[in-house]
Amino acid sequence: MGEHCQICGKEYDYVYKVSDKLWKKITGIKNGSGLRCIPCLDKEAREKGIVIYWEGKLDEPNRI
Ligand SMILES: [Zn+2]
């Protein structure tokens, strides 16, 4: 199980949260839909001059 990144196609099994506002700023997608692995989202953000601060946590946040 896991999600497949819509950019590189790789499967990833970690969970992360990005606000809809930041997601839209990076991907251009409204309503927070779409799937990105962290390396692809990070790369997409950097290409737009945005550096994301990632923080590790042990428990899984509530999924949308
Ligand atoms: Zn990817």
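Just so you know, these numbers come straight off a predicted model, no measurement behind them.

1. Overview of the overall build of the protein chain
Scanning the protein chain from terminus to terminus reveals two helices and two strands. Across the protein chain, helices and strands are ordered from the amino to the carboxyl terminus as β-β-α-α. In terms of overall dimensions, the protein chain has a C-alpha envelope of 30 × 25 × 20 Å along the principal axes. The buried share among the 64 residues of the protein chain stands at 8%. Taking the contacts inside the protein chain whose residues are at least 6 apart along the sequence as the reference set, 47% of them involve residues at least 24 apart.

2. With respect to the environment of Glu11
Its place among the elements puts Glu11 in strand S2 (residues 11-12). For the pair Glu11 and Ser33, spaced 22 residues apart in sequence, the C-alpha to C-alpha distance is 17 Å. The residues contacting Glu11, other than those within four sequence positions of it, are Gly2 and His4.

3. Brief notes about the confidence of the model for the protein chain
Put simply, the protein chain has an average pLDDT of 91, and 91% of its residues get 70 or more. Per-element confidence in the protein chain is highest for helix H2 (residues 38-47), whose mean pLDDT is 97, and lowest for strand S1 (residues 3-4), whose mean pLDDT is 92.

4. Some details on the environment of Leu58
Structurally, the position occupied by Leu58 is in the segment after H2. Leu58 gets classed as exposed once you count the C-beta atoms within 10 Å, which come to 4. In the structure, Leu58 is positioned 44 residues away from Tyr14 in sequence and 11 Å away in space, judged by C-alpha atoms.

5. Some points on the environment of Tyr53
Structurally, Tyr53 is set in the segment after H2. We classify Tyr53 as exposed; it has 4 C-beta atoms within 10 Å. Each C-alpha atom of the pair Tyr53 and Asp42 lies 9.6 Å from the other, and the pair is eleven residues apart in sequence.

Here is what the cut-offs are and how they apply
- Residues numbered from 1 in each chain as written.
- Predicted model: local features only at pLDDT ≥ 70, side-chain atom pairs only at ≥ 80, totals over all residues.
- Helix = DSSP H or I, 4+ residues; strand = E, 2+ residues; numbered from the N terminus.
- Buried ≥ 20, exposed ≤ 12 C-beta atoms within 10 Å, placed from the backbone.
- Contact = placed C-beta atoms within 7 Å.
- pLDDT = per-residue confidence, 0-100.

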